[in-house]
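# Structural description and commentary
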Amino acid sequence: MSELAVDTSSGHDSAALDSRHDHAPHDDHGGGHGHYTSLGLSNNKLGMWLFLGSECLLFGGLISTYMLYRGRTAKGPGPNQVYDIPFTSASSFVLLMSSLTMVLAVTAAKRRDDGNTRLWLSVTALLGAMFVGGQVYEFTGFYNEGLGFTTSLFSSSLYTLTGFHGVHVTVGIMMLMALRGILTKNRIVGDKAEVVELIGLYWHFVDIIWIIIFTLVYLIPA
Amino acid sequence: MTSNRRGLWAIPGLALVVTILAGCAKNAPQDTWQPAGPDARKIDDLQRFPFYAAGVVGVLVLAVVIFVVWKYRDRGQAIPHQGHGNPLVEVGTIAFSAILLAAVAVPTVGVIFDLAETDDCKMTVNVTGQQWWWEYSYPQQAGIDSPIVTSGQLVIPTGECVLLRLTSRDVIHSFWIPKLNGKKDAVPGRIQLLRMEAETPGIYAGQCSEFCGLSHANMKMDAVALRPADFATWVAAQTAPAVAVSDQESAAGRGEAVFKGQCVLCHQVNGLVDDEGKPLIAQADINLVSGAAPNLTHFMSRTTFAGSTYSLLTEECRTKLMAALPDEFGALYLGGVESGCLNVVELKEWLRNAPDKKPMYPDTNEDGKRRGMPALGLTENQINDLVEYLKTLK
Amino acid sequence: MAIIERPTGEMLRGPVGVGPRASLGMYRRPVETTGWRSWLFTVDHKQLGLMYGITAFVFFLVGGLEALLIRLQLAQPNGKVLSADAYNQMFTMHATTMVFLFVMPMAAGFANYFVPLQVGARDVAFPRINAFGYWCFLAGGLFLNSSWLLGGAADGGWFMYAPNSSALFSPSHGVDFWALGLQITGIASLTGSINLIVTILNMRAPGMSLMKMPIFTWMILVVQFLLLFAVPVITVALFLLSFQRTFGATFFDVSAGADPLLWQHLFWIFGHPEVYILVLPSFGIVSEVLPVFSRKPLFGYPMVVFSGAAIGFVGWGVWAHHMFASGLGPVSVTVFSLSTMLIAIPTGIKIINWVMTMWGGKLRFTTAMLFAIGLIVEFTIGGLSGVTHSVSPSDTQQTDTYYIVAHFHYVLFGGAIFGIFSGFYYWWPKMFGRLLDEKLGKLNFWLMVIGMNMTFGPMHILGLQGQPRRMYRYTTDRIGEGFFNLKFWNQISSLGALILAVGIIVFIVNVVRTARGPANAPLDPWDARSLEWLTTSPPKVHNFDVIPTVSHLDEFFHLKYAENEATGEMERVATAEELMKIQEDNAEQNIHLPAPSYWPLILALALPVTAYGVIYNKILIAVGATMIVLSIFGWALEPSMADDSDLEPPAPSDGPTKELAPIV
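Once that is clear, we can look at the overall build of chain B. Across its full length, chain B carries 11 helices and 12 strands. Its C-alpha atoms give chain B a radius of gyration of 27 Å, more than 25% over the compact-globule value 21 Å for 394 residues. Dimensions along the principal axes, computed over C-alpha positions, put chain B at roughly 100 × 45 × 45 Å. When each of the 394 residues of chain B is scored for burial, the buried share is 46%. Of all intrachain contacts in chain B linking residues separated by at least 6 positions in sequence, the fraction that spans at least 24 positions is 69%.

In structure tokens, the structure reads:
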């Protein structure tokens, strides 16, 4: 709601009104930039922010479920038996680094430097894939230690939470790869830099969620 | 047109007032506005003010709407001033409603904590819900020398607080005797406390009030309040084991054999022994999802059966019991079901095909367990014998 | 994905062949503007609004039929109309249908149609996502109801409390259908909320600051924020439930150590904001209708806005008042008791503001106005009974009884549905160019008022005298004595339900008669106040010939009326026809609208396919997933506007499609 406050207090609308008169009616662009919006933020970006706001509640619900059930290990292994903190720290670091490369991709896109955009998108996807690979490896280890999906409430809620996050990362990787492909073929719809930025927003969000999950799930003792 | 409209507007309003003032059933067994114990009375005292205040505010709003509709109808007047509000009215409204709500809020908080108080309760009863009946187990305590397990009717002494420890064996149920206290959910895996106290002897009706599956509507219960002396008598009777039928050739004896052959798979009768003299222990835990079936040791000391869905008394005897004066009630209830008073028709229907009388899931599931009593496939003779045997379970 | 798109330099110079025909090499983009294809592939907010509305109304009839069966069963003690099992399914689906398939999508329909018009935009922010939302709603609704034919519907109540919802206690697939179906409609709600928020925040006409926004749009904005944050919570709960039933997880299995109250918390954290999601759009509608027919601005507009927002905020802090009997402990109970009382204040403000809007006005009692006044009265009753169970000890006597049923039907029927009907009568001429018959309308109104008070009024008594909800039968031994026993009140209630049904039939008759009649609506039949009336009825495809520049709240009224400085009275300075002419004379050229698309429909269809797969067959999951991936790629590669090559060369006489002609 902070945008609302800004909007009402700054008398933004009259400014927007002027800018509209500058452009309209003959210079009304189709792309994200320069297109008239009341808040001055492109529709796509505002939409992405709202979507991510909603996602916070999704992960909030999953994290709450995990926090409620993490001590309920039944006869299966508990958090202390299965977690390999150094390994997960490393893979978390990899994911964190992917945010950095994502930033590089966005700035390259803004410079209209297609080569570097493609490069950094690829690196980001690669780092993301390393993280997911690490998670698969880690979960295989958990499974071998006797922690199946249905073993206990702890395992069900752990796999559900981290699984949802993993799916988000995977979807992110697919978007990055698709974006790279589309960029190569020059078939992008709309403003290139903005599309890269949107996917960047999503990527950073997924990253931040992981930091929270890592802290709550792995670092804070049950 | 306008007067016509005004008249029509009055209809719903009038209907509502009539509804509220004149419309109540007399002696509804679960009336929430007729408390019969201190806890329910506390709630009743508390809720009178918000109800009346709500009534007054409601009538007030209705009156203002009718007035405005009449006064400001389009009579060709000029287009009104395009004013955007009046801060005084707005702030006034907020202040008025805030004060009214504060007047409701303060006593509410007091009653919430009063009703959560449990230290003054002398007696404890474990109340367990399962699909679709209630079990009451009285642990050993002052006045109760050995544990009692019964179902359907919760028997309590008058004039003292009884603490119910509620839980469930399957889904969530809710224990509610409206005239004695508000409801509290019986949640599996948790134990929740509920105060219960009755002032005068009598039967107080209740009903499971959290949707609990197929036969939720049939999951009834009663609280039966007895004077302390009568209660002691009841306790003594309940702690005795069932008396074995002496004549194996009599109808009751044949019925006992049927019971041992089938019923005992789920239903416990304390004191029942097999041919070798070993106690017969019901195996509800391996035959039922909930793991429990009503204990029938003193079946005829209750006045309901099938999870209080049906009356064990004929209509006539039941009416007599319900109408008994407080002084007479105890003796009448303790007399149990006299043979002439037994509701034989419905009891036999129940034994013939229980799921037909009360919807249940009598078929075994993947784990070989049932949810409810199956049709037993008894012959009419067996049913007659079984009824004779059940009559002996005083 | 922006709406009024003109070819940017980049697009014109850029790579040729970004059109979708080239993108997958196998299809032409749909461009029809008439016929059934124009509906299937439309992205027009007005068409989608109508589709939402019609579909929701059909589900309203389905839910109403379920309600009638319920009342028929309860008309007698020991009713034999429905079996216990059928009854349980019936009330579960009645509530689910009315909440998720009628009131929510009906509000979405109104919002879709009128929010862009009210804020002076030419469409919503994401037209294809809008279409996707509609198809998700339809797919989810049909999927949910298909369970009737596939072994029985869900039978655990719309609140679906655990552990009664687990496979052990509800072995049919009903609950699976319910959980997956609501996931699909949840996607509709989520995408819809993002779409409408962006539309409202970002696409307002120049000069329309937030505090000059029509109140309906404001209420829709609040509702969309509630949806945005409430839907993910129920999504989590539904996932946990589905994982338990399908994959053997034990989230609500007490024997595995689970806490069944987890479900209740998740459900009601969603469920209570949901109540406001249902009722606030109707508050918005009557806040539009009352000023128009009182010829006064809404009294205390800022207060109505802020109280709406306050309800939106406090609505998050009251969920546990649905759980007063579940054993929360006295401290929590106190907190939620007080917060529930608190929320009565902004609600009360609204009622006072509506009454004060009429005060000193010049009232015309059209059917739309009658429904609005009806809402004030009936909702007040529902609100006041709500206050009585904010008193939590009192609520332990009332919760899960018919008193609660009475309360929320006064809120939802007297509030939400009366508002919706007010909207029907008010906006019908705008949507169809035809006025609904006022005589039939008044008959419709009075039948519904009498019917609803007869149906739900007696439920207050039933509940206070101890009849619990959700019972497939009641017995004579608990109905009390005397003529006015609970059987009597149950019969009155059932009779009322029939009258209510007749009222709805009168409405349908009215609609059919109106549809057959001539397009008789004047441009501005009600002397209305907001921008949706500054266009033809029904509106042009592009809504406005010129995007208006706004300087007032109630802009349209102030274009028509001005204060005579001498007398201080409001005088008409322009008619709607004159204003329309100005619009048409200055019409903008080359308005580019988003073009229809196949992908929203295909993507939405993939969801029930996947869901059937989860229940029946894993191969279907793969089919559904493939459809999802392909349609997302198709979507991403498709510009929101049609390419030249997708359009037939316009026929010489083909007037209307010229407006759609894209890149020139």
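A separate point is the overall build of chain C. Across its full length, chain C carries 20 helices and two strands. Relative to its length of 664 residues, chain C is compact, with a C-alpha radius of gyration of 26 Å against a globular reference of 26 Å. In terms of its C-alpha atoms, chain C occupies a principal-axis envelope of roughly 80 × 70 × 50 Å. Counting across all 664 residues of chain C, residues that qualify as buried make up 66%. Within chain C, contacts between residues separated by at least 24 positions form 82% of all contacts whose residues are at least 6 apart in sequence.

Let's shift gears to the sheet that holds strand β1 (residues 123-130) of chain B. All names here are of chain B. Sheet architecture is open: five strands sit in the order β3-β2-β1-β5-β8, paired in mixed fashion. Single-partner strands in this sheet number two, and they are β3 (148-151) and β8 (192-196). Each strand of the sheet is rotated relative to its neighbour by a mean of 25 degrees, with strand direction disregarded.

A word on the arrangement of the chains. Looking across the two pairs of chains in contact, one finds the most contacts between chains B and C. In this view chain A stays clear of chain B, with the nearest C-alpha atoms of the two still 13 Å from each other.

For the rest of this paragraph, the subject is the nonpolar core. Within soluble globular proteins, side chains that are nonpolar tend to cluster in buried spots. In terms of nonpolar packing, the biggest core is built from 342 residues, with Ala223(B), Val103(C), Cys136(C), Ile197(C), Ala237(C), Val289(C) and Val355(C) touching the most fellow members. When residues in this core are grouped by element, the largest group, 24 residues, is from helix α8 (residues 215-247) of chain C. Once residues lying within four places of it in the same chain are set aside, the contact partners of Ile197(C) are Leu50(A), Leu221(C), Gln224(C), Phe225(C) and Leu228(C). Of all hydrophobic cores here, the second largest spans 32 residues; its members include Ala293(B), Leu312(B), Leu313(B) and Leu347(B).

Time to look at the interface of chain C and chain B. If you look at the interface, chain C gives 90 residues, while chain B gives 86 residues. Among the elements of the structure, α5 (84-119), α10 (301-314), α11 (330-358), α12 (367-388), α13 (392-398), α15 (438-464) and α16 (486-516) of chain C are those that each provide at least two residues to the side of chain C that touches chain B. Of the residues forming the side of chain C that touches chain B, the biggest block, 15 residues, is contributed by α11(C).

Attention now moves to the pairing of strand β2 (residues 133-138) of chain B. Residue and element names in this part refer to chain B. Most of β2 sits out of view: five of its six residues are buried. Note: β1 against β2, five bridges, orientation antiparallel. Within β2, the position partnered with Gln 130 by the bridge is Trp 133. Counting the residues in the hairpin turn of β1 and β2 gives two residues. Sheet analysis places β2 next to β3, joined by four bridges and oriented antiparallel. The residue bridging Tyr 138 from the neighbouring strand is Ile 148, located in β3.

Attention now goes to the packing of α5(C) against helix α7 (residues 174-202) of chain C. All names here are of chain C. The N-to-C vectors of α5 and α7 enclose an angle of 15 degrees; their axes lie 11 Å apart at closest approach. By the criterion of interaxial angle, the relationship of α5 to α7 is roughly parallel. Crossing of α5 over α7 shows left-handed handedness. Contacts between α5 and α7 involve Gln 89, Thr 96, Phe 100, Met 104, Ala 108, Ala 111, Val 115, Pro 116 and Val 119 from the former and Gly 174, Trp 178, Leu 182, Thr 185, Ser 189, Gly 192, Leu 196, Thr 199 and Ile 200 from the latter. Partitioning the contact of α5 with α7 into residue classes produces 11 nonpolar, seven polar and no charged.

Its 30 residues give helix α3 (residues 87-116) of chain B an end-to-end C-alpha distance of 43 Å, which sits within 8% of 44 Å, the value for a rise of 1.5 Å per residue. Turning to α3(B), its buried residues number three or more, namely Glu90(B), Ser97(B), Leu100(B), Leu101(B), Val104(B), Thr108(B), Ile112(B) and Leu115(B). On the buried face of α3(B), the contacting elements are α2 (38-71) and β8 of chain B together with α10, α11 and α13 of chain C.

Our next topic: the pairing of strand β9 (residues 202-207) of chain B. Residues and elements named next belong to chain B. Counting buried residues along β9, five of its six residues qualify, which places the element largely inside the surrounding structure. Looking at chain direction, β9 and strand β10 (residues 220-226) are connected through six bridges and run antiparallel. Following the sheet pairing, Gly 202 is matched in β10 by Ala 225.

Moving on, we come to the sheet that holds strand β4 (residues 153-157) of chain B. Residues and elements named next belong to chain B. The mixed open sheet is built from three strands, whose spatial order is β4-β10-β9. Edge positions in the open sheet fall to β4 and β9, since each of these has one partner strand only. In this sheet, neighbouring strand axes are inclined to one another by 25 degrees on average, regardless of whether the strands run parallel or antiparallel. Alignment of β4 against β10, held across five bridges, turns out to be parallel. Each residue of the ladder has a partner; that of Leu 154, found in β10, is Ala 223. Strands β4 and β10 of the sheet are contacted by helix α4 (residues 228-239), whose axis makes an angle of about 130 degrees with β4.

This brings us to the environment of Ser493(C). Residues and elements named next belong to chain C. You can see Ser 493 is positioned in helix α16. Between the C-alpha atom of Ser 493 and that of Pro 458, which follows or precedes it by 35 residues, the distance is 6.2 Å. Setting aside residues up to four positions removed in sequence, Ser 493 forms contacts with Arg 71, Met 454, Thr 455, Pro 458 and Met 459.

Two measures define how a pair of helices packs: the angle their axes make with one another and the distance between the axes. Direction vectors running N to C along α2(B) and α11(C) enclose 20 degrees, while the axes themselves pass 9 Å from each other. Classified by the interaxial angle, the pair formed by α2(B) and α11(C) is roughly parallel. The handedness of the crossing between α2(B) and α11(C) is left-handed. In this structure, α2(B) contributes Val61(B), Val64(B), Val65(B) and Val68(B) to the contact, and α11(C) contributes Ile351(C), Val355(C) and Met358(C).

Before going further, it helps to examine the confidence of the model for chain C. Residue and element names in this part refer to chain C. Confidence along chain C averages 90 in pLDDT terms, with 92% of residues attaining 70 or more. Residue range residues 1-26 is modelled with pLDDT below 50. Its contacts to residues more than four positions away, or to other chains, number 53 contacts. With pLDDT under 50 throughout, residues 649-664 is counted as low confidence; its partners more than four residues away or in other chains account for 18 contacts. Taken over the whole predicted complex, pTM reads 0.92, whereas the ipTM for its chain interfaces reads 0.93.

Most peptide bonds adopt trans geometry, and most residues besides glycine take a negative phi value. Residue Ala162(C) is joined to Pro163(C) through a cis peptide bond whose omega torsion reads -5 degrees. Positionally, Pro163(C) belongs in the loop between α6 (127-146) and α7. Phi at Ala306(B) is positive, roughly 55 degrees, even though this residue is not glycine. Assignment of secondary structure puts Ala306(B) in the loop between β11 (304-305) and β12 (310-311). For Ala306(B), a count of 24 C-beta atoms within 10 Å puts it in the buried group. At Arg295(C), a residue that is not glycine, the phi angle is positive and equals roughly 55 degrees. Tracing the backbone through its elements, the reader meets Arg295(C) in the loop between α9 (261-294) and α10.

Counting along an α-helix, one turn takes 3.6 residues, and residues three or four places apart therefore face a common direction. Residue and element names in this part refer to chain C. A rise of 1.5 Å per residue sets the reference length of α8, with its 33 residues, at 48 Å; its end C-alpha atoms lie 46 Å apart and thus fit the reference within 8%. At Ala 230, α8 shows its maximal bend, which comes to roughly 25 degrees, and the proline Pro 232 appears one to four places after that position. Burial of α8 is extensive: 31 of the 33 residues sit out of reach of the surface. One or two positions beyond α8, positive phi appears at Gly 248, with a value near 80 degrees.

Cut-offs applied
Residues numbered from 1 in each chain as written. Chains lettered and ligands numbered in written order. Predicted model: local features only at pLDDT ≥ 70, side-chain atom pairs only at ≥ 80, totals over all residues. Helix = DSSP H or I, 4+ residues; strand = E, 2+ residues; numbered from the N terminus. Rg over C-alpha atoms; globule rule 2.2 N^0.38 Å. Buried ≥ 20, exposed ≤ 12 C-beta atoms within 10 Å, placed from the backbone. Contact = placed C-beta atoms within 7 Å. Pairing = 2+ DSSP bridges. Axes fitted to C-alpha atoms, helices over the stretch in contact; angles between N-to-C directions. Core = buried A, V, L, I, M, F, W, Y, C linked by C-beta atoms within 7 Å. Parallel < 35°, antiparallel > 145°, perpendicular 65-115°, else oblique. Left-handed = near helix turned anticlockwise from the far one by under 90°. Nonpolar A, V, L, I, M, F, W, Y, C, P; charged D, E, K, R; others polar. Expected span 1.5 Å × (residues − 1). pLDDT = per-residue confidence, 0-100. Bend = angle between axes of the 7 residues up to and from the residue.

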